[in-house]
Amino acid sequence: TPMTAPITFYTHPMSRARTVRWMLEETGLPYDSVQLDYGTSMKAPEYRAINPMGKVPAIKHGDVVVTEVAAIVMYLADLVPEKHLAPPVGSPERGAYYRWIAFMAPLEQLMMAKHTGALGDPQSAGYGTEADVLATLEGALKDREHLAGNHFTAADLLVAAYVGWYMQFKLLEARPAFTRFVDLHQARPANLRSNAIDEKLIAEQQRAG
């Protein structure tokens, strides 16, 4: 797919797609947004042809379709190497970049297990124990501004977005290391622009009824 191919972003302003919009704003790439609604257009055949799960977010870049927040964020980072949103392939920083992006999977599994009251057996659950997840995350974020090298990357974006999200909903303990890291990165201009766009969409939905 040519780098200049159009990007279409499938979203809802009250969803995990907000993280992808932040990433799109970081890239500076032009994109068109398609807002879908839960239970209707999100489950329609036209969108299921894009994402059979009937969930957002998704992007279409030329003929390439990418779903899942982490995959989209990494894909977009690689489209703009000049922005240095991903460390060079083969570098030690690239290993850390993959590690902490992937670590959001067990974190999210743990958070959803807590939300539903269905914590799993530590021997079989992918996240092990809550204590281990939180200690590992705190160790990664404490006294650090960046997770992969010495500048902002998509790993910082994804971790700040997820940790901030779960602290907001009181599922994740607001430890000082967590709040400091989240506040640092969520203050970035691209995130402020992204939030303004989505908050405006939410307000418009509420006015419409």
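Please refer to the structure higher up on the page.
These numbers come from a predicted model, not from an experiment.

### Brief notes about the packing of helix α1 (residues 17–27) against helix α9 (residues 189–208)
And then number 1: In contact at an axis separation of 8 Å, α1 and α9 are set at 135° when each is read in the N-to-C sense. When the axes of α1 and α9 are compared, the pair comes out oblique. As α1 packs across α9, the resulting crossing turns out to be right-handed. Between α1 and α9, the contacting residues are R18, R21, W22, E25 and E26 on the first element and A190, N191, R193, S194, N195, I197, D198, E199, L201 and I202 on the second.
And then number 2: Taken together, the residues that form the contact of α1 with α9 break down as five nonpolar, three polar and seven charged.

### Quick word on the pairing of strand β2 (residues 32–35)
And then number 1: One ladder, built from four bridges, connects strand β1 (residues 7–11) with β2; its direction is parallel. Of the residues in β2, the one forming a bridge with T11 is Q35.
And then number 2: Since β1 and β2 lie parallel, the crossover through α1 that links them has a hand, and here it is right-handed.

### Comments concerning the packing of aromatic side chains
And then number 1: Counted by the stated rule, this structure contains five aromatic pairs.
And then number 2: Centroid distance F9 to Y31: 6.0 Å. Interplanar angle 80°. Geometry classified as edge-to-face. In this pair, F9 sits in strand β1 while Y31 sits in the loop between α1 and β2, placing the two residues 22 residues apart along the sequence.
And then number 3: For F9, a relative accessible area of 0% translates into the label buried.

### Re the pairing of β1
And then number 1: The buried fraction of β1 amounts to five of the five residues, a majority that puts the element mostly inside the structure.
And then number 2: Of the two faces of β1, the one carrying I7, F9 and T11 and the one carrying T8 and Y10 are both buried.
And then number 3: Sheet topology note: the β1/strand β3 (residues 58–61) ladder contains four bridges and is antiparallel. Residue pairing for β3: T8 is matched across the bridge by K60.

About the cut-offs
Residues numbered from 1 in each chain as written. Predicted model: local features only at pLDDT ≥ 70, side-chain atom pairs only at ≥ 80, totals over all residues. Heavy atoms only, no water. Axes fitted to C-alpha atoms, helices over the stretch in contact; angles between N-to-C directions. Helix = DSSP H or I, 4+ residues; strand = E, 2+ residues; numbered from the N terminus. Parallel < 35°, antiparallel > 145°, perpendicular 65-115°, else oblique. Left-handed = near helix turned anticlockwise from the far one by under 90°. Contact = heavy atoms within 4.5 Å. Nonpolar A, V, L, I, M, F, W, Y, C, P; charged D, E, K, R; others polar. Pairing = 2+ DSSP bridges. Right-handed = clockwise from strand over helix to strand, strands pointing away. Phe/Tyr/Trp six-rings, centres within 6.5 Å; stacked < 30°, edge-to-face > 60°. Buried < 20%, exposed > 50% of the residue type's maximum accessible area, 1.4 Å probe, protein only.

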